[in-house]
Each structure stands twice: as structure tokens, then as C-alpha cells.
Amino acid sequence: MNPSERRAALPQEPTQYLTFMLAGEAFALGILAIKEIIEYHSLTTVPMMPECVRGVINLRGAVVPVMDLQARFGRPPSPVSKRTCIVIVEVAAQHAQQDRQVIGVVVDAVNEVLEIPPADIEPAPAFGARIRTDFIHGMGKVRGKFVILLDVDRVLSVDDIESLGRLPADALAEAA
């Protein structure tokens, strides 16, 4: 997709984004994908999961896989601190049985919800980003700095969701 096509694909009305930190860098997710933000606690590790999957949590009786975005970006996993949170998001699923999949995402700290008008969103750079460019929805200009706007459906891709959906039965029973 060329830059003008990517710009045309960006939202035309101001959109709200939740901004958060990962290893000192500012990222954001569209607020419509976010269900809630919870404290980082009591993860159950699941054997034989990809390194970017920290484990699962019990969220009101539902088993929710938790992904470490740092590890997903091919970086060392995020260290846990007092400000570490799990952002619960809904992403598109390609399964016949469901339209959406709920996944937790580990972030170093949540900052704020910002409204970013389309005029302040630039297309993702073609190269030079420290994460895969297909993970980037755009670059939001906020207070003279760029915030990386993530494409949640790409970062938490269908392939990953399908592997998360096949968690071992013992791990699911233990987490519930």
C-alpha cells in the first residue's frame, strides 16, 4: 500500500487512543478495542506457548491469554514494576464461532487517553522502525512528539490468536 492509500485508510474523524509506555517509548491503541485496564497479577504460565505469551489470567471466570508486547516486537520481555498493567483488548478473530477474541497485553505503564485528529496522524514509516511496519497503524503527533499508533489486529494477529485458542486443557482448568 503506498503512502497516499495508507493515509486514505486512516480515520477521518478525531479518534481516541490509550497511550502507554514500553521500554521508554510511547505507543497507543484505539480506545474502541480496549475493554479495561487491570493490575498485573497472578498469571498462570502455560507450557509450550510462544515466548511472547506470558500466560493466562482468570477474568471473571473467562480464561484470557496475556501477551508481552515487548517480546512480540522481538525485544527482551518487559520487567514487571509497580506501574505494569494488563490492557484487556478485543481483536478480530477469523473463526466461524466468534467475531472477537479477548487478549491481555502487558504494558510498562498506562499514560492517558488522547484524541488525535486525522491531520495529526502520519502513515507508518516504510523503514527504520524498531518494530515490524505492518504492526504500525500510523504515527500520531502529540505535543511535538510522535506516538506509535499500533494496529491491534495485526500485532495480535489471527495466527497468534489461533495458537492461543488451542491452550492445553490442563492450563485452562487450572486458570479457571
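Before reading further, recall that the structure is shown in the block above.
Residues numbered from 1 in each chain as written. Predicted model: local features only at pLDDT ≥ 70, side-chain atom pairs only at ≥ 80, totals over all residues. Heavy atoms only, no water.

Participant: Please explain the overall build of the chain as it appears in this structure.
Facilitator: On a plain count of helices and strands, the chain comes out with five helices and eleven strands. Taken across its 176 residues, the chain has 45% of its residues classed as buried. In the chain, the share of contacts with a sequence separation of at least 24, taken over all contacts with a separation of at least 6, comes to 59%. By element, 52% of the accessible surface of the chain is carried by carbon and sulfur atoms, the whole surface being about 9600 Å². (Helix = DSSP H or I, 4+ residues; strand = E, 2+ residues; numbered from the N terminus. Buried < 20%, exposed > 50% of the residue type's maximum accessible area, 1.4 Å probe, protein only. Contact = heavy atoms within 4.5 Å. Areas by Shrake-Rupley, 256 points an atom, 1.4 Å probe, with all protein chains shown as cover.)

Participant: Help me understand the environment of Phe20 in this model?
Facilitator: The topology assignment puts Phe20 in strand E1 (residues 15-22). Spatially, the C-alpha atom of Phe20 lies 7.3 Å from that of Glu112, the residues being 92 residues apart in sequence. Residues contacting Phe20, with those up to four places away along its chain left out, are Glu25, Ala26, Phe27, Ala28, Leu29, Leu69, Val107, Ala109, Val110, Asn111 and Leu150.

Participant: Explain the nonpolar core here, please?
Facilitator: Burial of nonpolar side chains together is a common tendency in soluble globular proteins. If you look at the biggest cluster of nonpolar residues, it comprises 34 residues, and the most contacted ones within it are Phe73, Val89, Leu150 and Leu156. With four residues, the single largest contributor to this core is strand E6 (residues 85-92). (Core = buried A, V, L, I, M, F, W, Y, C linked by side-chain atoms within 4.5 Å.)

Participant: How should I be thinking about the sheet that holds strand E9 (residues 121-122) in this particular structure?
Facilitator: Pairing between sheet strands relies on hydrogen bonds along the backbone, with the strands arranged either parallel or antiparallel. Ordered by their spatial adjacency, six strands build an open sheet running E8-E1-E2-E11-E10-E9, and the pairing between neighbours is mixed. The open sheet has two edge strands with one neighbour each: strand E8 (109-116) and E9. Bridge count between E1 and strand E2 (residues 25-30): six bridges; the pairing is antiparallel. Across the sheet, the residue bridging to Tyr17 is Gly30, located in E2. (Pairing = 2+ DSSP bridges.)

Participant: So what exactly am I meant to see when it comes to the sheet that holds strand E5 (residues 62-68) here?
Facilitator: One open sheet accounts for five strands, arranged E3-E6-E7-E5-E4; its pairing is mixed. Unpaired on one side and paired on the other, strand E3 (34-39) and strand E4 (53-59) mark the two borders of the sheet. Strand-to-strand twist in this sheet, taken as the mean axis angle between neighbours without regard to direction, amounts to 30 degrees. Across six bridges, the pairing between E4 and E5 is antiparallel. What sits directly across from Val56, in E5, is Pro65. (Axes fitted to C-alpha atoms, helices over the stretch in contact; angles between N-to-C directions.)

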